[in-house]
Amino acid sequence: MAKNRILIVDDDARLREAITDTLMLSGYECTEASGGAQALDLLSRLRISMVISDIQMEGMDGHRLLNAVHVKYPQIPVLLMTAYANIDCTVKAMRDGAVDYLTKPFAPEVLLNQVSRYVPLQVADKREPVYGDPRTEDLLEMARKVARSETTVMITGSCGSGKEVLSRHS
């Protein structure tokens, strides 16, 4: 199951890393961009569930990125953050379509609360096997095909390898 991917956009590599670590420890998948242009490139290639962007960046600032995301990907929530908050900028960001506005520094709990409001953590479907090896996907597909037929199959393997899980899957 694909996790929700959050795009972190900030020209400060240490802050990007801190935000990424916080979100990943909570179960989100993260992708980082050092600026607006790189963020737009990633948005065109990846499935992104949310964008968290700094406002003050070289080149394309957070407001311009927000406007570009809002036009091209209106379904993606954008959370803006800045160390230089003022009421006018906050109002402008919200009017332009930002879902919220964080003032740096902020506690990890505040970040997680904001993100979870717009991108809830996905809980694994308990009926689906959990696996890490890409070859397992091929095995599961073969099990689905066999399950649709009248074929008898014997599953062998060492204790704890998942024979029972595989036999119930289809």
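Use the structure listed above.
As a starting point, this report considers the structure included with it. Just so we're clear, the structure is a prediction, and the values are computed from it rather than from any experiment. (Residues numbered from 1 in each chain as written. Predicted model: local features only at pLDDT ≥ 70, side-chain atom pairs only at ≥ 80, totals over all residues. Heavy atoms only, no water.)

## Things to note about the nonpolar core
Counting residues in each nonpolar core, the largest one holds 23 residues, and the members touching the most others are Leu-7, Val-9, Leu-43, Val-51, Leu-65, Val-69 and Leu-80. At the level of secondary structure, the elements contributing two or more residues to this core comprise β1 (5-9), α2 (36-45), α3 (62-72) and β4 (78-82). Setting aside its immediate chain neighbours within four residues, Val-51 contacts Leu-7, Val-9, Leu-43, Leu-65, Ile-76, Pro-77, Val-78 and Leu-79. Grouped together as the second largest cluster of nonpolar side chains are 14 residues, Ile-52, Met-81, Leu-102 and Val-119 included. (Core = buried A, V, L, I, M, F, W, Y, C linked by side-chain atoms within 4.5 Å. Buried < 20%, exposed > 50% of the residue type's maximum accessible area, 1.4 Å probe, protein only. Helix = DSSP H or I, 4+ residues; strand = E, 2+ residues; numbered from the N terminus. Contact = heavy atoms within 4.5 Å.)

## Side note on the side chain of Thr-31
Within the secondary structure, Thr-31 sits in strand β2 (residues 29-33). Given a relative accessible area of 12%, Thr-31 falls into the buried group.

## Some remarks on the packing of helix α1 (residues 13-25) against helix α5 (residues 108-118)
With their axes 10 Å apart at the nearest point, α1 and α5 run at an angle of 65° to one another. Judged by the twist between their axes, the crossing of α1 over α5 is right-handed. Each of Ile-19, Thr-22 and Leu-23 in α1 lies in contact with α5, whose residues at this interface are Pro-108, Leu-111, Leu-112 and Val-115. Considered class by class, the residues forming the contact of α1 with α5 number 6 nonpolar, 1 polar and no charged. (Axes fitted to C-alpha atoms, helices over the stretch in contact; angles between N-to-C directions. Left-handed = near helix turned anticlockwise from the far one by under 90°. Nonpolar A, V, L, I, M, F, W, Y, C, P; charged D, E, K, R; others polar.)

## Description of the sheet that holds β4
Taken in spatial order, the 5 strands make up an open sheet running β2-β1-β3-β4-β5, and their pairing is parallel. Single-partner strands in this sheet number two, and they are β2 and β5 (100-103). For this sheet the average axis-to-axis angle between neighbouring strands, irrespective of direction, equals 20°. Relative to strand β3 (residues 50-54), β1 runs parallel, the two sharing 4 bridges. Its bridge partner lying in β3, Val-9 is registered against Ser-53. Against the sheet, α1 engages β1, β2, β3 and β4, with an angle of about 170° to β2. (Pairing = 2+ DSSP bridges.)

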